[in-house]
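# Structural characterization, general
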Amino acid sequence: MPKHTADSPVAEEITAEIHALRGVFALYWRIDEAFGQLEFTGGLGRVECFLLMQLDCPRRMGELARILLMVPSTVTSAADRLEQEGLALRVRDEKDRRAFRLQLTQKGRSLRLELEKRAGDAFRQICGLNAEEIQEFAVLSGKIHQEILGPAEQRPGKET
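A brief look at the structure comes next. (Residues numbered from 1 in each chain as written. Predicted model: local features only at pLDDT ≥ 70, side-chain atom pairs only at ≥ 80, totals over all residues. Heavy atoms only, no water.)

### With respect to the packing of helix H2 (residues 46-54) against helix H5 (residues 106-127)
Each pair of packed helices can be summarised by the angle the axes make with each other and by the distance between the axes. Two elements in contact, H2 and H5, have axes separated by 9 Å at closest approach and are oriented at 100 degrees. By the angle between their directions, the pair H2 and H5 is classed as roughly perpendicular. For the pair formed by H2 and H5, the contact residues are Cys 49, Leu 52 and Met 53 on the first element and Gly 108, Leu 111, Arg 112, Leu 115, Glu 116 and Ala 119 on the second. Within the contact of H2 with H5, the residues separate by chemical class into six nonpolar, one polar and two charged. (Axes fitted to C-alpha atoms, helices over the stretch in contact; angles between N-to-C directions. Helix = DSSP H or I, 4+ residues; strand = E, 2+ residues; numbered from the N terminus. Parallel < 35°, antiparallel > 145°, perpendicular 65-115°, else oblique. Contact = heavy atoms within 4.5 Å. Nonpolar A, V, L, I, M, F, W, Y, C, P; charged D, E, K, R; others polar.)

Next comes the structure, spelled out in structure tokens:
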């Protein structure tokens, strides 16, 4: 059996879970960095970009906080910034007149489409997966997303 010193690397068996975690972390860090370098967003921060990506339909603030795994005050600040930029507005919830939903304006929808295109391009460039592997990754990521956020994610407007 070889003797290992402090200077020599120790080959350890790495589990599939650790490989997966390393890949997810590396992907997240690179995507986060790419979002930080986007210049077409008019100076929006990462949180505003992440929020914009979630507004495929009007959503309540609590739902957005849950989806983004952020505290409500962070989401509210980001929503305020989107409103100031004319990208989103708060509208009364038709089912609960006490509540508001955040929805995109036409300007916001246009920016969201561009953001999705660039995020997709960045994802393909960063991940190194082919089209078939991306489809497989999307299915597995969807299962993880569902497990973490639960079935309420599939019902816009339902908060848990």
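Next comes the rest of the account.
### Some words on the packing of aromatic side chains
This structure, assessed with the given rule, holds two aromatic pairs. On the numbers, 5.7 Å between centres and 25 degrees between planes, the contact of Phe 25 with Trp 29 is stacked. Taken together, the residues span about one helical turn, with Phe 25 and Trp 29 both in helix H1 (residues 16-36) at a distance of four residues. (Phe/Tyr/Trp six-rings, centres within 6.5 Å; stacked < 30°, edge-to-face > 60°.)

### Overview of the layout of surface pockets
Of the voids in this model, the largest pocket is the one considered here, and its volume is about 1500 Å³. In terms of lining residues, the largest pocket is bounded by 31 residues, among which Leu 27, Tyr 28, Gln 54, Ser 141 and His 145 are the most central. Listing elements by their share of the lining of the largest pocket, those giving two or more residues are H1, H2, helix H3 (61-68), H5 and helix H6 (131-149). Element by element, the count of residues in the lining of the largest pocket is highest for H6, at ten residues. (1 Å grid on protein atoms, 1.4 Å probe; cavity = no way out; pocket = protein on both sides within 12 Å on 5 of 7 lines; lining within 4 Å. Points joined across faces, edges and corners; volume = space filled by probe spheres on them.)

### Remarks on the environment of Phe 137
On the secondary structure map, Phe 137 appears in helix H6. Those residues in contact with Phe 137 that sit more than four places away from it in its chain are Leu 27, Phe 123 and Leu 129.

### Quick notes on the sheet that holds strand E3 (residues 100-104)
Backbone-to-backbone hydrogen bonds join strands into a sheet, with any given pair of strands oriented parallel or antiparallel. The three strands lie next to each other as E1-E3-E2, forming an open sheet whose pairing is antiparallel. The open sheet has two edge strands with one neighbour each: strand E1 (59-60) and strand E2 (88-92). Examined bridge by bridge, E2 and E3 share five bridges and lie antiparallel to one another. Residue pairing for E3: Leu 89 is matched across the bridge by Gln 103. (Pairing = 2+ DSSP bridges.)

### Here's the deal with the nonpolar core
Ranked by size, the top nonpolar core spans 26 residues in total, and within it Phe 35, Leu 51, Leu 55, Leu 64, Val 75, Leu 82 and Leu 102 carry the most contacts. Only H1, H2, H3, helix H4 (72-84), E3 and H5 provide two or more residues apiece to this core. Beyond its immediate stretch of four places on either side in the chain, Leu 55 contacts Leu 64, Leu 82, Leu 102, Leu 104 and Arg 112. (Core = buried A, V, L, I, M, F, W, Y, C linked by side-chain atoms within 4.5 Å. Buried < 20%, exposed > 50% of the residue type's maximum accessible area, 1.4 Å probe, protein only.)

### Examining unusual backbone geometry
In the Ramachandran plot, Leu 69 falls in the positive-phi region, its phi being about 55 degrees despite a non-glycine side chain. With respect to the secondary-structure elements, Leu 69 resides in the loop between H3 and H4. Taking relative accessible area as the criterion, Leu 69 reaches 64% and is therefore assigned exposed.

### Structural notes on the side chain of Glu 48
Locating Glu 48 in the fold gives a position in helix H2. It is Arg 81 that comes nearest to the buried, bridge-free Glu 48 among opposite-charge side chains, at 4.4 Å. Beyond its immediate sequence surroundings of up to four residues, Glu 48 is in contact with Ala 78, Arg 81 and Leu 82. (Lys, Arg positive; Asp, Glu negative; His and termini not counted. Salt bridge = Lys/Arg side-chain N within 4 Å of Asp/Glu carboxyl O.)

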